[in-house]
Amino acid sequence: MFDAMTDTKRRVKLYALNADRQWDDRGTGHVSCTYVERLKGVSLLVRAEADGALLLESKIQHDTVYQKQQDTLIVWSEADNFDLALSFQEKAGCEEIWEKICSVQGKDPTIETTQDIVEESEDERFDDLSDSAPPVELPLCEIGRLKEIKDLFITCMATPLNKDRLAEAIENDGYVRKLVKLFNLCEDLNNLEGLHCLYDIIKNIFLINKNALFEMLFADDIIFDVIGCLEYDPTLPIRKYHRHHLKNVSKFKEVILITNLELLNKIHQTHRVQYIQDVVLPTPSVFEDNMLSALSSFIFFNKVEIVTLIQEDEKFLPDLLGQLQDESTPDSRKLELVQFLKEFCNFSQNLQPPQKEGFFRTLTSLGILPMLEMTLMSEDVNIKQAAIDILTILVEFSPSVIREYILQQSSDTVTQANGSEVELMLMNVIIEQMICDTDPDLGRAVQLMGVIRVLIDPENMLPSLSKVEKTDFLNYFYKHSVQILIAPLLANTVDGEPARDDYQNAQLLAHILELLTFCVEHHSYHIKTCILNKDLLKRVLVLMKSAHKFLVLGALRFMRKIVALKDEFYNRYIMKGCLFGPVIDCLLDNNGRYNLLDSAIIELFEFIKLEDIKILIAHVVENYGKKFEHIDYVQTFKALRIRHSQQTEKSKEKPITSVTVSTGRFRRDPRQIEDEEEIWFNNEDDEFDDGEAVVPHTGMTGSTEITASEQLESIGKSIDKKCEGSSTKIFGTTVKTTPIMNNNLAATPALSSSPEDSKNSSLLKKALVDYEGDSDEEEDENGDLKSPTKRPRYT
């Protein structure tokens, strides 16, 4: 037993480094340094504080590297992949044990490392001495001298100079093949001690980290014997049968006949070496970090060579893609082909950017994108997943290539079908597969959502020689594809309540909302027209009634992004539809619970207050002031009422600025909406009746003042008129729009399958803005958006 002083001074925590390179706490105890008869040497002993159980018994070896760190920490490597540390409660205890360790090794206790560390200046001296240093003399390869060979290898590994000399000797003497012969002999004799020595020897050859030695180790005729040596790890209680796995379990399938023997051998070699790196070799310890960098480089360049050889083969890729596009090819065969193509594309990630671009251009010219259209719609889940993985690789590297194909596909469709649309377009296939994912966790949907997001991201759209990619692709997306994306959302919010509120459907709608929120942030006019035409925000806010809080937050985030734009059109649209109502109701239903939903809603109104959006402040206070007047745990709503009162007092001091109509033309206050956006609310040829305009005006000479409330009421009537009596088609089901009087909101559609209704209009063709000519999102020389040059026309 220790006395009180000793007990405190030698109190330690024992740590061990696990396979994930994290320190595990092995317990708290007291350390001593005593001679252990069984180990024949002075050892470190740690006994548990609670019950005196032995936590550590470690003999102090003369060649072990001990390090003292931060005055209270001693770290060392006990064996391969087993690093230990003692953390002392007191500095005095650490110094006492450190002095005993140094005494055993014959070192000065003032140092912080018991073994010399090669510094940079010493490396330079090794280079200078390399020519004069004597070569390493390797013992004869005999079973009886395996222990001597192992000790020599361990000694040479201590310094860079000796390591280089050892590598040179192994290479010049053909020592690897001699060791392999000894391995076969030891295995025949079941000489376990010799096999354990060979494991250490071969492992150290790997750690020399020389490409020339890897070429010898991975020769076709001896690589399995090398792997066999690594099966006999003396630190493992059970032998691992790696050769059996590679020969019998992991079989190579030649999906396309490979006539190039060099290519075939390179594929086999790369698979085996990758297996050695990932499975056979132990995880490097902290003292062996980055010691296998040459092995990683060996695999890297092998993959580059495989991709190059396949690309140079004139028959291989055309035959592979041809079979995948052939409808008569059975699914089992397609699965093998598409999985090979996926692995091939993964290998291409090792190419340099110019070579990688040429590689993907080659695949595109051979028809990989039409092939992906077919495989994405496969009933076989494995084929579909492999196709998604390939598409992800293509899109991540060059989204412009995919967009170019989609735009060309759309152009060819119009020419060939006399203006009629074809359903099988890559962008639409991607969206449909996302919203029809059968995976309960929607794993494939999440992956495809990422693909869509990259494709519609303006930040990676570059100007081409003749047209601006952003203009063309966004016009295409909002004309042909956005209606498919929002179809599940519209179908699920028909009657003002979520039609389906199961977890999987809620997940899907959350992903759709995430994409729409991204569009609001990045697409400006395009998504604005879609939201106003489809009354989309109102339909999204129906999801505030969902039982799934993540979906409620997704709907709120969508509205928050719209409010953040401080756009006059959006503000008037929100006011007309009384769209703060669902948000206020959700806040009241939450009943003051301190959670993310409560914070998010309050932050929305806090933003309106801080940004002083006067029109929304007035609308919220006047319409919902009584509902939130009792909320006093935050000052946001009280501040809104005060701000509104201040605005009202100021408005009494100044005359109200009105819109004056004179001889049919406007003179407008500078704060009013821009001329280009006002067009949307004015009379349009196809959407409004003749003579009807959103902002009424008189044809008489003179002027007429129109109040803000009259303007707002007129806007609402026009939206109601536009929505009245229309119908759309969602995946073959007709959605008929019928007016529902609910707080004077715009009409909402109800499902109908009547054949007459389906003739009226289609989701793919009606109620969408048809942009012709130049886009309204052109950029100036600095990349900023200019004023629109083309108004939307409704078809």
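The rules behind these values
- Residues numbered from 1 in each chain as written.
- Predicted model: local features only at pLDDT ≥ 70, side-chain atom pairs only at ≥ 80, totals over all residues.
- Heavy atoms only, no water.
- Helix = DSSP H or I, 4+ residues; strand = E, 2+ residues; numbered from the N terminus.
- Buried < 20%, exposed > 50% of the residue type's maximum accessible area, 1.4 Å probe, protein only.
- Contact = heavy atoms within 4.5 Å.
- Areas by Shrake-Rupley, 256 points an atom, 1.4 Å probe, with all protein chains shown as cover.
- Pairing = 2+ DSSP bridges.
- Axes fitted to C-alpha atoms, helices over the stretch in contact; angles between N-to-C directions.
- Parallel < 35°, antiparallel > 145°, perpendicular 65-115°, else oblique.
- Left-handed = near helix turned anticlockwise from the far one by under 90°.
- Arc of directions from axis to C-beta.
- pLDDT = per-residue confidence, 0-100.
- Phe/Tyr/Trp six-rings, centres within 6.5 Å; stacked < 30°, edge-to-face > 60°.
- Lys NZ or Arg CZ within 6 Å of the ring centre and 35° of its normal.
- Disulfide = S-S within 2.5 Å.
- Salt bridge = Lys/Arg side-chain N within 4 Å of Asp/Glu carboxyl O.
- Core = buried A, V, L, I, M, F, W, Y, C linked by side-chain atoms within 4.5 Å.
- Patch = residues over 30% accessible without salt bridge, like charges linked within 9 Å, V, L, I, M, F, W, Y side chains within 5 Å.
- Lys, Arg positive; Asp, Glu negative; His and termini not counted.
- Charge placed at Lys NZ, Arg CZ, Asp CG, Glu CD.
- Polar contact = N/O pair within 3.5 Å; in protein donor to acceptor, adjacent residues only side chain to side chain.

Sorry if this is basic, but what is going on with the overall build of the protein here?
Tallying secondary structure elements over the protein gives 33 helices and 15 strands in all. A burial count over the protein gives 47% of its 795 residues as buried. Sequence separation of 24 or more characterises 64% of the internal contacts of the protein that already satisfy a separation of 6 or more. If you sum the accessible surface of the protein, you get close to 39900 Å²; carbon and sulfur atoms cover 49% of it.

I tried to follow the pairing of strand 2 (residues 23–36) on my own but got confused; where do I start?
Looking along a regular strand, one sees side chains alternate from face to face of the sheet. Bridge count between strand 1 (residues 11–17) and strand 2: seven bridges; the pairing is antiparallel. Across the sheet, Val12 pairs through a bridge with Gly29, a residue of strand 2. Where strand 2 lies against strand 3 (residues 41–48), eight bridges are found, and the strand directions are antiparallel. Counterpart to Gly29 in the pairing with strand 3 is Ala48.

Honestly, the packing of helix 11 (residues 261–280) against helix 12 (residues 293–312) in this entry has me stumped. Any pointers?
For any two helices packed against each other, one specifies the inter-axial angle together with the distance between the axes. Axis separation between helix 11 and helix 12 bottoms out at 10 Å; the angle between their running directions is 150°. The angle between the axes of helix 11 and helix 12 places the two elements in the roughly antiparallel class. Along this stretch, helix 11 crosses helix 12, giving a crossing that reads as left-handed. Along the contact surface, helix 11 presents Glu262, Leu263, Lys266, Ile267, Gln269, Thr270, Val273, Gln274 and Gln277, while helix 12 presents Leu295, Ser296, Phe298, Ile299, Asn302, Lys303, Glu305, Ile306, Leu309 and Ile310.

For this particular structure, what's the right way to read helix 13 (residues 316–325)?
By the burial criterion, the buried members of helix 13 are Phe316, Leu317, Leu320, Leu321 and Leu324. Considered in projection along helix 13, the buried side chains sweep an arc of 115° and stay on one side of the axis. Against helix 12, helix 14 (331–347), helix 15 (353–365) and helix 16 (368–376) lie the buried residues of helix 13.

I'm lost on the environment of Asn204 in this one. Help?
Of note, Asn204 is situated in helix 7 (residues 192–208). Residues Asn204 and Lys163 lie 41 residues apart in sequence; the distance between their C-alpha atoms is 9.9 Å. Residues contacting Asn204, with those up to four places away along its chain left out, are Phe153, Ile154 and Met157.

Could you clarify how one ought to interpret the confidence of the model for the protein in this entry?
Atomic detail in the predicted coordinates should be set aside for any region of low pLDDT. Taken over all residues, the pLDDT of the protein has a mean of 78, while the share at 70 or more is 75%. Long-range and interchain partners of residues 658–712, a stretch whose pLDDT sits below 50, account for 94 contacts in this model, where long-range means more than four residues apart. Predicted confidence is poor over residues 718–795, with pLDDT under 50, and the contacts of this stretch with residues over four places away or in other chains come to 179 contacts.

Can you help me understand the packing of aromatic side chains in this one?
Between two aromatic rings, the relevant description is the distance of the centres plus the angle of the planes. Scanning all chains against the criterion turns up 18 aromatic pairs. Ring geometry for Tyr66 and Trp76: centres 5.5 Å apart, planes at 35°, overall tilted. A residue pair is termed long-range when its members are at least 10 positions apart, and Tyr66 in strand 5 (residues 66–69) and Trp76 in strand 6 (residues 73–79) qualify at ten residues. Per residue, the accessibility class of Tyr66 equals that of Trp76, and both read buried. Seen in terms of ring centroids, Phe605 and Phe637 are 5.4 Å apart; in terms of plane orientation they differ by 55°. Their pairing is tilted. Placement of Phe605 in helix 28 (residues 596–610) and of Phe637 in helix 30 (residues 636–653) is noted, with a sequence separation of 32 residues between them. Across this residue pair, the class does not change: Phe605 and Phe637 are buried. In this arrangement the basic side chain of Arg403 is found over the ring face of Phe473, its NZ or CZ atom lying 5.9 Å from the centre.

What exactly am I supposed to notice about the state of the cysteines here?
Simply put, disulfide is the name for a covalent bond between the sulfur atoms of two cysteines. Applying the stated criterion across every chain yields a total of zero disulfides. Here Cys530 is not cross-linked by a disulfide; its sulfur's nearest cysteine counterpart is in Cys519, at 8.5 Å.

Even after reading the chapter, I still don't get unusual backbone geometry, so can you show me in this structure?
For residues other than glycine, phi is negative in most cases, and the peptide bonds are mostly trans. The residue Ser524 is not glycine, and still its phi comes out positive at about 55°. Looking at where Ser524 falls in the secondary structure, it is placed in the loop between helix 22 (503–522) and helix 23 (525–534). Among the residues examined, Ser524 registers a relative accessible area of 27% and is labelled partly exposed. Even without a glycine there, the phi angle at Cys578 is positive, about 50°. Looking at the element boundaries, Cys578 is found in the loop between helix 26 (568–576) and helix 27 (581–590). Its relative accessible area of 27% is what places Cys578 among the partly exposed residues.

Can you help me understand the pattern of salt bridges in this one?
Pairs may arise between side chains of opposite charge once their charged atoms sit close together. Tallied over the full model, the rule gives 31 salt bridges. Linking Glu514 and Arg453 is a salt bridge whose minimum nitrogen-to-oxygen distance equals 3.5 Å. Of this pair, Glu514 sits in helix 22 while Arg453 sits in helix 20 (residues 443–455), placing them 61 residues apart in sequence. Residue Lys528 pairs with Asp567 through a salt bridge whose shortest N-O separation is 2.8 Å.

What is the right way to look at the nonpolar core in this model?
Within soluble globular proteins, side chains that are nonpolar generally end up buried alongside one another. Core analysis: the biggest nonpolar cluster contains 129 residues, and Leu341, Ile368, Met427, Ile531, Leu537, Phe580 and Phe605 have the highest contact counts within it. Discounting residues that sit within four places of it in the chain, Leu341 has contacts with Leu320, Leu321, Leu324, Ile368, Met371 and Ile390. Counting 52 residues, the second largest nonpolar core, distinct from the first, contains Ala169, Leu198, Tyr232 and Ile299.

Sorry, what's going on with a negative patch on the surface here?
A surface patch of like charges, here negative, comprises Asp71, Glu95, Glu99 and Glu112. Of note, Glu112 is situated in the loop between helix 2 (91–105) and helix 3 (120–129).

Teacher, can you tell me more about the environment of Leu182 here?
Note that Leu182 resides in helix 6 (residues 175–189). The buried category is assigned to Leu182, whose relative accessible area is 6%. Separated by 36 residues in the primary sequence, Leu182 and Leu146 have C-alpha atoms spaced 9.1 Å apart. In contact with Leu182, other than residues within four places in its own chain, are Cys141, Glu142, Ile143, Leu146 and Leu198.

Quick question: what am I supposed to make of the environment of Arg539 here?
Within the fold, Arg539 resides in helix 24 (residues 536–541). Take Arg539: its relative accessible area is 3%, and that puts it in the buried class. A distance of 2.6 Å separates a polar atom in the side chain of Arg539 from the backbone oxygen of Leu490. Engagement of the side chain of Arg539 in a polar contact is seen with the side chain of Thr493, the distance being 3.0 Å.

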